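# Tertiary structure, described
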Amino acid sequence: RSILERTLESTAGAYALAKGQREDLQPVAASMLRAALDELGKLTGRSYHKELLNNIFSRFCIGK
């Protein structure tokens, strides 16, 4: 339960930052998503690569 709660907190925080479309906060949002993925990895036994986060945040980049 605690793993899922930490995952939800990180995901919700990352979503709120990304929703604001502020480019300066994207690294913080990426860090929060990375934390969420790490938590889920504890449950699933999987680890996620940087490529996944790059794919997700390629949609939020401003001015690219």
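Residues numbered from 1 in each chain as written. Predicted model: local features only at pLDDT ≥ 70, side-chain atom pairs only at ≥ 80, totals over all residues. Heavy atoms only, no water.

## Focus: the packing of helix H1 (residues 2-19) against helix H2 (residues 26-44)
Relative placement of two packed helices is described by the angle separating their axes and the distance separating the axes. We apply this condition: Angles shown run from 0 to 180 degrees and are taken between the N-to-C directions of axes, each axis being a line fitted to C-alpha atoms and, for helices, limited to the stretch in contact. Per the convention used, a helix needs a DSSP run of H or I reaching at least four residues, while a strand needs a run of E reaching at least two, with both numbered from the N terminus. To sort the angles, those under 35 degrees are grouped as roughly parallel, those over 145 as roughly antiparallel, those from 65 to 115 as roughly perpendicular, and the leftovers as oblique. Helix crossings are classified by the rotation of the near helix relative to the far one: an anticlockwise turn of less than a right angle makes the crossing left-handed, while a clockwise turn makes it right-handed. Working rule for contacts: check all heavy atoms of both residues, and any pair within 4.5 Å makes them a contact.
Running from amino to carboxyl end, H1 crosses H2 at an angle of 160°, the nearest separation of the two axes being 8 Å. Classified by the angle their axes make, H1 and H2 are roughly antiparallel. Crossing of H1 over H2 shows left-handed handedness. Residues Ile 3, Leu 4, Arg 6, Thr 7, Ser 10, Thr 11, Gly 13, Ala 14 and Leu 17 of H1 form the contact with H2, whose participating residues are Val 28, Ala 29, Met 32, Leu 33, Ala 35, Ala 36, Glu 39, Leu 40, Lys 42 and Leu 43.

## Digging into the side chain of Ser 10
Within the element layout of this structure, Ser 10 appears in helix H1. Not counting residues up to four positions away in its chain, the partners in contact with Ser 10 are Met 32, Ala 35 and Ala 36.

## Overview of the pattern of salt bridges
We count it as follows: Every case where a carboxyl oxygen of Asp or Glu lies within 4 Å of a side-chain nitrogen of Lys or Arg is listed as a salt bridge. Accessibility here uses a 1.4 Å probe with only protein chains present; expressed as a share of the type maximum, an area under 20% marks a residue as buried, one over 50% as exposed, and anything in between as partly exposed.
Per the counting criterion, the structure on display carries three salt bridges. Here Arg 6 makes a salt bridge to Glu 39, at a shortest N to O gap of 3.1 Å. With Arg 6 in helix H1 and Glu 39 in helix H2, this pair connects stretches of sequence that are 33 residues apart. Exposure remark for Glu 39: the relative accessible area of 12% places this residue in the buried category. Residue Glu 39 pairs with Lys 42 through a salt bridge whose shortest N-O separation is 3.1 Å. Taken together, the residues span about one helical turn, with Glu 39 and Lys 42 both in helix H2 at a distance of three residues. Where salt bridges share partners, they join Arg 6, Glu 39 and Lys 42 into one cluster.

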